[in-house]
Amino acid sequence: MRSINFIILILVITLFLNACSTKNSKVNHNDSSAIETPYFGQKPPGLIPEIFDDSFLSENNWELKGVAQDMKQVYLSSADDSPFFRSVIVFHQDENQYNVWNKYKFSPASNGNDSILYCKNKYIKRTDAGWSEIKSLGSMFEREDWGIMSLSVSGKGTYVFDDYKNNDVIRISTIKDGKREKPRLLGKEINTGKFTCHPFIAPDDSYLIWESEREGGYGGTDLYVSFKQQDGSWGTAINMGNDINTSIEDGSANVTPDGKYLFFTRIEEKTREDGTKYWTKQKRFWVSAQVIENLRPEE
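Please read these numbers as outputs of a predicted model, since none were measured by experiment. (Residues numbered from 1 in each chain as written. Predicted model: local features only at pLDDT ≥ 70, side-chain atom pairs only at ≥ 80, totals over all residues. Heavy atoms only, no water.)

Q: Sorry, what's going on with the overall build of the protein here?
A: Broken down by element type, the protein carries three helices and 24 strands. Within the span of the protein, comprising 299 residues, buried residues form 44% of the whole. Of the contacts formed within the protein by residues at least 6 apart in sequence, a portion of 41% connects residues at least 24 apart. Of the roughly 16,500 Å² of accessible surface on the protein, a fraction of 48% belongs to carbon and sulfur atoms. (Helix = DSSP H or I, 4+ residues; strand = E, 2+ residues; numbered from the N terminus. Buried < 20%, exposed > 50% of the residue type's maximum accessible area, 1.4 Å probe, protein only. Contact = heavy atoms within 4.5 Å. Areas by Shrake-Rupley, 256 points an atom, 1.4 Å probe, with all protein chains shown as cover.)

Given below as C-alpha cells:
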C-alpha cells in the first residue's frame, strides 16, 4: 500500500511538472528575454515600489531533484535562477499515517548560501547525492508550545523566527564562541503591537525587518525596520513609510541575495454581500534596497 501511494504521488508530481513545462514553452517562445536577464526582463524599480510579475516564476521549470532511498521524501526545485531565494519543496511521508504527505518549503540564509536550506525548525543539507533527509534544528527549537511560521537565517548563522502560539512574538538565537545560544525574546522595540511576524535579518545582522500592526501605523500590518546599535542592542522600530506601507496588509519582506532589491507582499481582506470575509490574491512588490539605508539613523 505504501508503494502504491508513493507511485501515485510521483505521478501527480510528474503531471504537474509536465503542465508547467508546457506553459513555460509558450512563455519562453513569446518573451525570450524573460530567461536572459536576472529579473526576467522586468525593469528594476527605484525608490517607489512596483508590482513584480511573478506569474512566470510561480510556474517556472520545476524539476524533480531526487527521491530518498526509503521513498519517504521527494524533492522538487526550480531549474532557473531568480531574484528570489532559490527554494526546494520537499514532500515527506508522515511517520504515523502512511497515506499522508507533508509539504515543506526550504530556503537558504539571507546571504543566498544554499548549502543548507531552512524551513521553520528544520533544515536539509546539500550532499554529493542531492539533498539530505529533513533534520531538526534541535530541542531548543522543536517545542510544542512554540508556533514557528517563518525563520530567517543570517550569513553569521543568527536565527530569527516568529511564534504565533505566544501572542505573535519574535525570538533570536545567535552563535557565540562557536556555540548556538538559547533563543530569547527580542525586546519591546520589536515585540510591540499585534501580528508581529515574518522577520528577515540582514546577512551581516545589521538590521531586522518584520511586519506588525501597531498604533500609529497606516492600517493593517506595516513593515518595520530596526538597526543594530554599536552596543549590540536593537534600535527603535522605524515604520518604513507610506511608499511601502498602505491601509491593507503589507508584509513578508526579504532582500535579494545580491542586496539590491527589497521584495514584499500586499494582501487585503474583503467582505462579500452575505457578510463572509475573504482574502484577495496576494500581490508581490519590489523596490530598491536603498530605501532601507535611507531609514538608517545617522550615528
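Q: Help me understand the sheet that holds strand 11 (residues 159-163) in this model?
A: Strand pairs in the sheet, formed through backbone hydrogen bonds, run parallel or antiparallel to each other. Read across the sheet, four strands follow the order 10-11-12-15 without closing on themselves; strand pairing throughout is antiparallel. Two strands lie at the open edges of the sheet, namely strand 10 (151-153) and strand 15 (184-185), each paired on one side alone. Bridge analysis of strand 12 (residues 169-173) against strand 15 gives two bridges, and the strand direction is antiparallel. Along strand 15, the bridge assignment pairs Ile172 with Arg184. (Pairing = 2+ DSSP bridges.)

Q: I'm lost on unusual backbone geometry in this one. Help?
A: Of all residues except glycine, most have a negative phi; of all peptide bonds, most are trans. Phi at Asp177 takes a positive value of approximately 55°, unusual for a residue other than glycine. According to the relative accessible area criterion, Asp177 is exposed, its value standing at 74%. Located in the positive-phi region is His198, a residue other than glycine, with phi close to 50°. Relative to the elements of secondary structure, His198 occurs in strand 16 (residues 194-201).

Q: Whenever I open this one, the packing of aromatic side chains confuses me. Can you help?
A: Centre distance and the angle of the planes are the two values used to describe a pair of aromatic rings. Across all of its chains, the model carries 12 aromatic pairs by this definition. Between Phe52 and Trp286, the aromatic rings sit 4.9 Å apart at their centres with planes inclined by 80°, giving edge-to-face as the arrangement. A residue pair is termed long-range when its members are at least 10 positions apart, and Phe52 in the loop between strand 1 (50-51) and helix 2 (55-58) and Trp286 in strand 24 (residues 283-288) qualify at 234 residues. Trp286 shares its class with Phe52; the two are buried. Ring plane angle 65° and centroid distance 6.3 Å describe the contact between Tyr207 and Phe227, whose orientation is recorded as edge-to-face. Here Tyr207 is found in strand 17 (residues 207-213), whereas its partner Phe227 is found in strand 18 (residues 222-227), with 20 residues between them in sequence. Judged on exposure class, the residue Tyr207 and its partner Phe227 are both buried. Here the aromatic cluster, defined as three or more aromatic residues joined through ring pairs, consists of Tyr118, Phe141, Trp146, Tyr159 and Phe161. In this arrangement the basic side chain of Arg180 is found over the ring face of Tyr159, its NZ or CZ atom lying 3.6 Å from the centre. When the ring centre of Tyr224 is taken as reference, the NZ or CZ atom of Arg214 above it lies at 5.0 Å. (Phe/Tyr/Trp six-rings, centres within 6.5 Å; stacked < 30°, edge-to-face > 60°. Lys NZ or Arg CZ within 6 Å of the ring centre and 35° of its normal.)

Q: How should I be thinking about the pattern of salt bridges in this particular structure?
A: Should the charged atoms of two oppositely charged side chains come close, the side chains can pair. Using the criterion set out here, one finds seven salt bridges in the structure. One salt bridge connects Asp163 with Arg171, and the closest N-O pair in it is separated by 2.5 Å. Across the pair, Arg171 and Asp163 agree in class, each one buried. (Salt bridge = Lys/Arg side-chain N within 4 Å of Asp/Glu carboxyl O.)

Q: How do you make sense of the sheet that holds strand 21 (residues 261-267) when you look at a structure like this?
A: Strands sit in the order 1-24-21-20 across an open sheet of four strands; the sheet is antiparallel. A single partner strand is all that each edge strand has here, and the edge strands are strand 1 and strand 20 (249-255). Taken together, the six bridges between strand 21 and strand 24 define a ladder with antiparallel strand orientation. If you follow Tyr261 over to strand 24, its bridge partner there is Ser288.

Q: Before we go on, may I ask you to explain the nonpolar core in this structure?
A: In a soluble, globular protein the nonpolar side chains are often hidden away together inside. Ranked by size, the top nonpolar core spans 18 residues in total, and within it Tyr207, Ile209, Met240, Leu262, Phe264 and Ile292 carry the most contacts. Mapped onto this core, the elements with two or more residues apiece are strand 17, strand 18, strand 20, strand 21, strand 24 and helix 3 (290-295). Counting residues per element, this core draws most heavily on strand 18, at three residues. Sequence-distant contacts of Leu262, that is, excluding residues within four places in its chain, are made with Ile209, Met240, Ile244, Ala253, Asn254, Val255, Phe285, Trp286, Val287, Ser288, Ala289 and Val291. (Core = buried A, V, L, I, M, F, W, Y, C linked by side-chain atoms within 4.5 Å.)

Q: Is there a simple way to explain the pairing of strand 16 in this structure?
A: Two elements, strand 16 and strand 17, share four bridges in a ladder whose sense is antiparallel. Residue Ile201 lies in a different strand from strand 17, and its bridge partner there is Leu208. Between strand 16 and strand 17, which pair antiparallel one after the other, the connecting turn spans five residues, and Asp205 there sits at a positive phi close to 65°.

Q: Would you mind going over the environment of Tyr207 with me for this structure?
A: Taking relative accessible area as the criterion, Tyr207 reaches 9% and is therefore assigned buried. Expressed as a C-alpha distance, the spacing of Tyr207 and Arg296, which sit 89 residues apart in the sequence, is 9.2 Å. Apart from residues lying up to four places away in sequence, Tyr207 is in contact with Phe200, Ile201, Ala202, Val225, Ser226, Phe227, Trp234, Val255, Ile292 and Arg296.

Q: Before we go on, may I ask you to explain the side chain of Ser173 in this structure?
A: Along the chain, Ser173 falls in strand 12. At 2.6 Å, the side chain of Ser173 and the backbone oxygen of Glu181 are in polar contact. Apart from residues no more than four positions distant in its own chain, Ser173 is found in contact with Phe141, Gly157, Thr158, Tyr159, Arg180, Glu181 and Pro183. (Polar contact = N/O pair within 3.5 Å; in protein donor to acceptor, adjacent residues only side chain to side chain.)

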